[in-house]
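Breakdown of the fold
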Amino acid sequence: MNRTGPMISALLALGMVACSAPTEPSQTVEQVAPGAPGVMPTWSNAEKVAIGTSYEAYDADGQFSDASPTAPISKVWFSLTKDRITEVMWGLIHEAQIREIEIVLVGPNGIVEPIETSLTLDGMPRPLSPAPGIGLFYPSIDQSVQFSTFTDPDRDSLIVKVDLLEPLPEGYQLFAYIDPALANTGSADQAKITANGIHAFEGDAHLFARLAGEAEATMSIGYVGESDGLADLADGALDQRHQLAEEPVNVACLIYLCFGEQSLLPGEPAVTTMLGYESTLVIGFGNTYDQAKQNADASASKNALNIYSKYADQWRTYLDSLTELARLSEVSGDGGRLAYMSAINLKIMEDKTHAGALIASLSNPWGETAPAETPQTGYKAVWPRDFFQVASAFVAMGDEDTARAAYRYLPTVQVTEDTPGNAGVTGWFLQKTHVDGEIEWVAIQQDQTAMPIMLGWKLWQDGVISDDEIAESYRTMLKPAADFLVEGGRPNILWNTEFEASLGYTQQERWEEQEGYSPSTVAAVISGLVTAADLATRFGDLSDAETYLAAADQLEANLENWMFTTSGDLGDGAYFIRITRNQDPNDKAMLGDNNGRPGLPEDHIVDGGFLELVRYGVRSPVAPSIQGSLEELDGAHEDNLRVRYEFGETSEGWNFIGWRRNGNAGSGEDGERGTNYHEIDGGNTPGQRGRVWPFFSGERAHYEMANLEHLLTRHSDNYPEVVAPRARIGDLVASMEVFANDGLSLPEQVWDNVGPNPFGYAFGEGSNSATPLAWTHAEYIKLLRSVSDQSVWDHYSIVANRYADSPRNLPAD
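Keep in mind it's a predicted model, so treat the numbers as computed, not measured.

Some details on the overall build of the protein chain
Of the regular secondary structure elements, the protein chain holds 16 helices and 26 strands. In summary, the protein chain has a C-alpha radius of gyration of 27 Å against a globular reference of 28 Å for 813 residues, a match within 12%. Principal axes of the C-alpha set define a box for the protein chain whose edges measure 85 × 50 × 50 Å. Buried residues in the protein chain amount to 64% of all 813 residues. For the protein chain, long-range pairs separated by at least 24 residues make up 72% of all intrachain contacts whose partners lie at least 6 apart in sequence. Total accessible area computed for the protein chain in this model is approximately 26,800 Å², and 48% of it derives from carbon and sulfur atoms. Positive and negative side-chain charges of the protein chain, numbering 52 and 117 respectively, have mean locations separated by a distance of 4 Å.

Focus: the side chain of Glu-102
Looking at the element boundaries, Glu-102 is found in strand E5 (residues 96–107). One polar contact links Glu-102 to Arg-84, side chain to side chain, over a distance of 3.3 Å. In this structure, Glu-102 is in contact with Arg-84, Phe-175, Ala-176 and Tyr-177, ignoring residues within four places of it in sequence.

What about the pairing of strand E25 (residues 655–660)?
Buried residues dominate E25, accounting for five of its six residues. By the bridge criterion, four bridges tie strand E24 (residues 644–649) to E25 in an arrangement that is antiparallel. Across the sheet, Glu-646 pairs through a bridge with Ile-657, a residue of E25. Counting the residues between successive antiparallel strands, the hairpin from E24 to E25 contains five residues, one of them, Gly-653, with a positive phi of roughly 90°.

What to know about empty space enclosed by the protein
Within this structure, the stated rule accounts for eight cavities of 30 Å³ or more. In this structure, the largest cavity spans a volume of roughly 80 Å³. Around the largest cavity sit Asp-83, Arg-84, Glu-102, Ile-103, Val-104, Leu-105, Ile-111, Val-112, Glu-113, Pro-114, Leu-136 and Tyr-138, which together line it. Contributing elements (two or more residues each) for the lining of the largest cavity: E5, strand E6 (110–112) and strand E8 (129–138). Of all the elements, E5 adds the most residues to the lining of the largest cavity, at four residues.

Considerations on helix H14 (residues 720–739)
End to end, H14 covers 29 Å across 20 residues, agreeing with the expected 28 Å (1.5 Å per residue, within 8%). Of all the residues in H14, the buried ones are Val-722, Pro-725, Ile-729, Gly-730, Asp-731, Leu-732, Val-733, Ala-734, Ser-735, Met-736, Glu-737 and Phe-739. Among the structural elements, helix H4 (337–348), E24, E25, strand E26 (692–693), helix H13 (695–712) and helix H15 (774–789) are those in contact with the buried residues of H14.

Digging into the environment of Ser-769
Within the element layout of this structure, Ser-769 appears in the loop between H14 and H15. Residue classification places Ser-769 among the buried positions, given a relative accessible area of 0%. Taking C-alpha positions, Ser-769 is 27 Å from Met-397, a pair spaced 372 residues apart along the chain. Setting aside residues no more than four positions away along its own chain, Ser-769 makes contact with Ala-46, Asn-364, Pro-365, Trp-366, Glu-748 and Gln-749.

Quick look at helix H8 (residues 467–487)
In the structure, H8 departs most strongly from a straight axis at Tyr-474, where the bend amounts to approximately 55°. Looking only at H8, the buried set comprises Glu-469, Ile-470, Ser-473, Tyr-474, Met-477, Leu-478, Ala-481, Ala-482, Asp-483, Phe-484 and Leu-485. Where the residues of H8 are buried, they touch helix H6 (400–409), helix H7 (446–461), helix H9 (519–538) and helix H10 (542–563).

A look at the packing of aromatic side chains
With the rule as written, the count across this model stands at 36 aromatic pairs. In this arrangement the basic side chain of Lys-352 is found over the ring face of Trp-77, its NZ or CZ atom lying 5.2 Å from the centre.

Remarks on unusual backbone geometry
Here the amide bond leading from Ala-36 into Pro-37 is cis, since omega sits at 10°, within 30 degrees of zero. In this model, Ala-71 is joined to Pro-72 through a cis peptide bond whose omega is 0°. Relative to the helices and strands, Pro-72 resides in the loop between strand E2 (50–53) and strand E3 (76–80). With a phi close to 50°, Trp-366 is a non-glycine residue in the positive phi region. Among the structural elements, Trp-366 can be located in the loop between H4 and helix H5 (384–396). At Asn-664, a position not held by glycine, the phi torsion is positive, near 65°.

What to know about the environment of Val-390
As for its position among the elements, Val-390 is in helix H5. Given the relative accessible area of 2%, Val-390 is considered buried. Residues Val-390 and Ser-220 lie 170 residues apart in sequence; the distance between their C-alpha atoms is 43 Å. Those residues in contact with Val-390, other than ones at most four positions away along the chain, are Leu-346, Leu-358, Ala-774, Trp-775 and Ala-778.

Points about the sheet that holds E24
Across the sheet, three strands lie side by side as E24-E25-E26; this open sheet has antiparallel pairing. A single partner strand is all that each edge strand has here, and the edge strands are E24 and E26. Across the sheet, H14 is in contact with E24, E25 and E26; its angle to E25 comes to roughly 75°.

Observations concerning the environment of Asp-154
Secondary-structure assignment places Asp-154 in the loop between strand E9 (143–151) and strand E10 (157–164). Along the chain, Asp-154 and Asp-717 lie 563 residues apart, while their C-alpha atoms are 53 Å from each other. Leaving out residues up to four positions away in the same chain, Asp-154 has contacts with Pro-72 and Lys-310. A distance of 2.7 Å separates polar atoms of two side chains, one belonging to Asp-154 and the other to Lys-310.

Side note on the packing of helix H2 (residues 304–321) against H4
Helix-helix packing is characterised by the crossing angle of the two axes and by the distance between the axes. One way to put it is that H2 packs onto H4 with a least axis distance of 11 Å and a crossing angle of 110°. Between H2 and H4, the crossing angle belongs to the class labelled roughly perpendicular. Of the two possible hands of crossing, H2 and H4 adopt the one that is right-handed. Packed against H2, whose contacting residues are Trp-315, Tyr-318 and Leu-319, the element H4 presents Tyr-340, Ala-343, Ile-344, Lys-347 and Ile-348 at the interface. The residue inventory of the contact of H2 with H4, partitioned by class, reads seven nonpolar, no polar and one charged.

Focus: the confidence of the model for the protein chain
This prediction gives the protein chain a mean pLDDT of 92; 94% of its residues lie at or above 70. pLDDT under 50 marks residues 1–18. Its contacts with residues more than four places away, or in other chains, come to 78 contacts.

About the criteria used
Residues numbered from 1 in each chain as written. Predicted model: local features only at pLDDT ≥ 70, side-chain atom pairs only at ≥ 80, totals over all residues. Heavy atoms only, no water. Helix = DSSP H or I, 4+ residues; strand = E, 2+ residues; numbered from the N terminus. Rg over C-alpha atoms; globule rule 2.2 N^0.38 Å. Buried < 20%, exposed > 50% of the residue type's maximum accessible area, 1.4 Å probe, protein only. Contact = heavy atoms within 4.5 Å. Areas by Shrake-Rupley, 256 points an atom, 1.4 Å probe, with all protein chains shown as cover. Lys, Arg positive; Asp, Glu negative; His and termini not counted. Charge placed at Lys NZ, Arg CZ, Asp CG, Glu CD. Polar contact = N/O pair within 3.5 Å; in protein donor to acceptor, adjacent residues only side chain to side chain. Pairing = 2+ DSSP bridges. 1 Å grid on protein atoms, 1.4 Å probe; cavity = no way out; pocket = protein on both sides within 12 Å on 5 of 7 lines; lining within 4 Å. Points joined across faces, edges and corners; volume = space filled by probe spheres on them. Expected span 1.5 Å × (residues − 1). Bend = angle between axes of the 7 residues up to and from the residue. Phe/Tyr/Trp six-rings, centres within 6.5 Å; stacked < 30°, edge-to-face > 60°. Lys NZ or Arg CZ within 6 Å of the ring centre and 35° of its normal. Axes fitted to C-alpha atoms, helices over the stretch in contact; angles between N-to-C directions. Parallel < 35°, antiparallel > 145°, perpendicular 65-115°, else oblique. Left-handed = near helix turned anticlockwise from the far one by under 90°. Nonpolar A, V, L, I, M, F, W, Y, C, P; charged D, E, K, R; others polar. pLDDT = per-residue confidence, 0-100.

Laid out in structure tokens, this is it:
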């Protein structure tokens, strides 16, 4: 028997099916389900292998509307782990409506767990749409169950197509288990069986679940962990069925999947397929019961293959429009597979109500330990830093429209006098928001205020936005941001009322847990001010231009004075530290606790943030402070302080290398306790450990590219000093590709083999942090563009030219 399900492209036409009822000895049907409220709700595992949604195009104004070429706009997203559907969103991209959908095989002795799972992608050798098929193999019956998940491009519906090569053996049956989390919570849902399906709802969020075709499905409703049907199926039969879950708590639904041989709907074309038996689950969403049912019924009445074909064709049209993607694939190590999936995943992670609203990840990190009693966005939110990385990647792969929409979205998340609850300084960009601009976190991170300036200047230079548009946005958005970076001031919004911002001193650096002077933050601030000065000069604000440049020059002149220790406890004692809370990097001042880890002296903690100085052009790759810090970044320190890890060789012979975000990082699992980061009680533990982040392989590769560019100005292409960085760049491109999982999704973190591993992760396997992480996919795309161009994509020549003759940029010899 074939253990791997056939490719998604072999989807069946939706047929009329005739099916028998499930095994139901002595079945009792009760009106009201017992067992409320059910177990405490949580979110889902974040180890996603794939995400999906319908591709939608902008209208002439760069928005999603009824005038869009792909209208009507479908606003349903989903994610998949290795064996189930997790977190289905509808409406806004962060608004979860379903926690998970599981295909459950039941045999004479109860529920049967799959021993192997497999995943197939649409398109060979490169994926062409986000339409993976998941195969579940059951050795006890020597049979696979294949299910394929996609959305209806014409309406707000999710389709789950379950296929068999042959009928299940006698005594075996399949169910779909649906755990709603309507209105982005899991604790206030109600459900009832009505018409030919199940209606679940909370407030004005409704779903209607049914089977396609005309078969009458056997269904039941209950409370999770109490009467949801899973415990009842332990004896191999659904003995108890319930029609109504009337208390607004944690409900779940069970639908028996009836299978039959295919027969085409009237008027549908014949389809050649190797599959013989199917059952299709359709879930519609809406603001009312009628809307949800109408969407579900409309999708259920269509040929599933035709729905899928339109879904896939729209994605292929988008991929074909990416003018740079083919050449990026040529310099990849995997033939473009990860490049194409990166393009798909990045576009998926855009909201479809607020065009250009780019989120960090379609996941909730360590979600099964995150309470779902109140709404949470997880990483389904806007951080201007991640946003900047992703918008830049869209330009790198040839999608100027999305980059332009993203830039036009940015005023939504900038603090102004009209920002709700703000009584303090303006001009800075909010730390974290919902896609509609609703405020979530309000710490000041100065790189997140500098990066929109850098993005605007870059898009203007590349011709993505016009002279008129940059002039207007400079006046209304970028100048206030630059003024804030120079002048600082005190915020007064929500809890943030005591901090006083000043030039280069950030309330939080890019890891959102320490305040002070950070090389990565200051790199962005210098670059933001230099580009702002160029814009100010362009538009006649010469006084402002002088102010911005003077501030940038002050920071550049003091980078080493403030952030480079000469008496550190690592290596030779001379290196950039991660962050300092004053202007003395040699005083061994204590940093604050971070994610359960007690704070350590500042000179004990290194990270790769200083490489951003090279990327943006503030420092030369051969500057003594840069060269001197590489040894400590790569040093074999004790595991708590160590940053670089080697994972061996890839099958192609490349060295497989990764870095943690910094020493003493605590944003990860506690192997000793066997617990996830920030467990369900809200507490952190001292044993938590932040693991290896794949996008640091890209950051290091960009440094190597800058170094290669420098060497090529002095040596021929085959000079030994040139060959070595070329090889290192190849290693790092391959490393990012190996870090991708079976669905070609790149995680936030991968397991580094340090400490106990009760989770069963393989060395280098993605952990339960956030997958796919948009920043990581963006870094990979930009790395390929840099390799293809033989020049660092994020390099700001205007910054590099200003500081080229800085004495701090001159090589030691």
